[in-house]
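What follows is each chain in one-letter form.
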Amino acid sequence: MENLISLVNKIQRACTALGDHGEASALPTLWDSLPAIAVVGGQSSGKSSVLESIVGKDFLPRGSGIVTRRPLVLQLHKSDEGSREYAEFLHLQRKRFTDFSAVRKEIQDETDRETGQTKQISSVPIHLSIYSPNVVNLTLVDLPGLTKVAVEGQPDTIVQDIENMVRSYIEKPNCIILAISPANQDLATSDAIKISREVDHAGERTIGVLTKIDLMDKGTDAVDILEGKSYRLKFPWIGVVNRSQADINKNVDMIAARRREREYFASTPEYKHLAQRMGSEHLAKVLSKHLETVIKSRIPGIQSLINKKIAELETELSRLGKPIAADAGGKLYTIMEICRLFDQNYREHLDGVRSGGDKVYNVFDNQLPAALQRLQFDKQLSMENIRKLITEADGYQPHLIAPEQGYPRLIESTLVTIRGPAEASVDAIHSILKDLVHKAMNETPELKQYPALRTEVGNAAMESLERMREQSKKATLQLVDMECCYLTVDFFRKLPQEVDKGGNPSQSIFDRYNEAYLRRIGTTVLSYVNAVCAGLRHSIPKSIVYCQVREARRSLLDFYYTELGKLEQNRLSALLNEDPAIMERRSALAKRLELYRSAQAEIDTVAWAK
């Protein structure tokens, strides 16, 4: 089974590479949930020497004043015995450093790239991984040294800025605090102890390290501190003896320095009884063991967070849609599938699965009858108009019994007004069908993904609806025109009988142009027109549904499908062009999802192996 710390190192590194370190989210980042060790201490407290002793290499910048000006996330990976030591920076992933003096220079250069060649600080971390058979698996975060005053070249806020940066790391409940304090200074003034006590009152996640023990004044020692009598922590204090500046200047080998450190504790009477738990080698082992213990205890929480992140990413990826195919056939299939989804949404609106189709029925059940009822026949059936049309229709020969030619002219001039409501009904249905196209498009996420395709599908649907409207208008108006050109004979065959029963046969034919006679004609025409309106009220909806609604439901994009098959690959590609930001986001999310799924599998393996 893979070492737990190595697994966490890999996940942390991947999180950072994918931008999941400190990302704004409703959920904490995976990085924040993974335990790490933050190295805290005042300037010149020996932090750098402790880290180099743990690693066994000279690789950190040195100098007076503030040297560490950006957090350094240091991941140590224990490699196979005999393998070559090397280092990698996250910002230079393909470059391996085997010369650790070059590592020191790159840390300095990368710091300057972010802060400029000044004494400013930055919270943007540098990520460094070191692979060596001489290290233990460990993750350490080296933070800028705490200071009490700003020096020349630093802003007045530098003291508070550094403290805020340190707190942002050590306040996290998963952070182990490695508090570095020099033995040749009063522990009561230790910057590291002061700030760690404020965030970890009980000292349960603080490991105290005492440096410069060999530099204490003669006659004094650090036994009370190392035995936990002066300041008690949950974990025993660990003392280290760093290389002197002279050793550093002479490039004294780190292995030799570790040997001298062991000899110092073993041969010094005051520390001889503590020698087994002193020194940088012991410190590295304690940190590695403790970090692994903390990781094991956090596994359930890490699993929960990973599962939530996976669900969150899958939801967003689903919203962004699938990536497009590379070949022409795949592109055509993608377009056809998107059109099919749109078509399905459109049909569901008409069928009542989604809202909007009920508006079609409202036109037939309310708007059309109301429009027919509002028609004003007074002008067509006024006495003056009836007399005029009948007289004109008689020509030189007045009608003998009934105005045979006058009735058709009166009826036609009256029925023609029904064309208005009929045409308005066609337009009303057309408007509804257009609105449903917009709704269906908005409810098809894939069309939002490809703006060019959305525009073309929308245009194709509108053109199709326009053709259907023209066909529907033609058919519907023909219904009205048919009523005008052929009258129902049975209705009028009753008229002579009614005249014979109620009229006066001896009455002069010229008296039939009087008002009573004309009114009777108008009443007859109105009755016939009302009968025709009653029939058209039912036949007009049938025509509209047949020509518009049914066709829209059945073949809205048929013409577009025909044209689509003729397009070349470059045109298909153009239709599937999407916002570059969406493509980039999808790619980033896919990589992140792959990371989380890999982490889920590996963490689950560790959990089951417990």
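Quick caveat, the model's predicted, so the values are computed rather than measured.

## Examining the packing of helix α15 (residues 419-442) against helix α19 (residues 515-555)
Think of two packed helices as two axes; the pair is described by the angle between the axes and how far apart they sit. Interhelical geometry of α15 versus α19 gives an angle of 25° and a closest axis separation of 11 Å. Between α15 and α19, the angle is such that the two are roughly parallel. As α15 runs across α19, the sense of the crossing is right-handed. Contacts from Ala422, Ser425, Val426, Ile429, His430 and Leu433 of α15 reach α19 at Ile540, Ile544, Gln548, Val549 and Ala552. Tallied by class, the residues present in the contact of α15 with α19 amount to 8 nonpolar, 3 polar and no charged.

## Concerning the side chain of Arg469
Inspection of the secondary structure assignment puts Arg469 in helix α17 (residues 451-485). Classification of Arg469 by relative accessible area gives buried; the value is 18%.

## Notes on the packing of aromatic side chains
A complete count under the given rule lists 6 aromatic pairs for this structure. Ring centres of Tyr86 and Tyr131 lie 4.7 Å apart, and the angle between their planes is 15°; this geometry places the pair in the stacked category. Residue Tyr86 is located in strand β3 (residues 86-89), and its partner Tyr131 is located in strand β5 (residues 126-132); the two are separated by 45 residues in the primary sequence. Exposure remark for Tyr131: the relative accessible area of 18% places this residue in the buried category.

## Points about the environment of Val136
Secondary-structure assignment places Val136 in the loop between β5 and β6 (138-142). The contact partners of Val136, leaving out residues within four places of it in the chain, are Leu76, Ala284 and Ser288.

## A few points about helix α3 (residues 47-55)
Among the 9 residues that make up α3, 9 are buried, leaving the element largely enclosed by the rest of the structure. Downstream of α3 by a residue or two, Gly56 has a phi angle that is positive, lying close to 85°.

## Focus: the sheet that holds β3
Read from one edge to the other, the open sheet built from 9 strands follows the order β4-β3-β5-β2-β6-β1-β7-β8-β9, with strand pairing classed as mixed. Only two strands of the sheet have a single partner each, and these edge strands are β4 (92-97) and β9 (238-239). Sheet analysis places strand β8 (residues 206-211) next to β9, joined by 2 bridges and oriented parallel. The partner of Val209 across the bridge, within β9, is Ile238. On top of the sheet, helix α6 (residues 191-199) reaches β1 (36-41), β7 (175-182) and β8; it is set at about 155° to β7, its chief contact. Against the sheet, helix α10 (residues 280-320) touches β1, β6, β7, β8 and β9, its axis set at about 105° to β6.

## Comments concerning unusual backbone geometry
The residue Ser44 is not glycine, and still its phi comes out positive at about 65°. By the element assignment, Ser44 lies in the loop between β1 and α3. By relative accessible area, which is 57% here, Ser44 ends up exposed. Of note, Lys212 is a non-glycine position whose phi angle comes to about 60°, a positive value. Inspection of the secondary structure assignment puts Lys212 in the loop between β8 and α7 (223-226). Using a relative accessible area of 23% as the deciding quantity, one classes Lys212 as partly exposed.

Definitions and cut-offs
- Residues numbered from 1 in each chain as written.
- Predicted model: local features only at pLDDT ≥ 70, side-chain atom pairs only at ≥ 80, totals over all residues.
- Heavy atoms only, no water.
- Axes fitted to C-alpha atoms, helices over the stretch in contact; angles between N-to-C directions.
- Helix = DSSP H or I, 4+ residues; strand = E, 2+ residues; numbered from the N terminus.
- Parallel < 35°, antiparallel > 145°, perpendicular 65-115°, else oblique.
- Left-handed = near helix turned anticlockwise from the far one by under 90°.
- Contact = heavy atoms within 4.5 Å.
- Nonpolar A, V, L, I, M, F, W, Y, C, P; charged D, E, K, R; others polar.
- Buried < 20%, exposed > 50% of the residue type's maximum accessible area, 1.4 Å probe, protein only.
- Phe/Tyr/Trp six-rings, centres within 6.5 Å; stacked < 30°, edge-to-face > 60°.
- Pairing = 2+ DSSP bridges.

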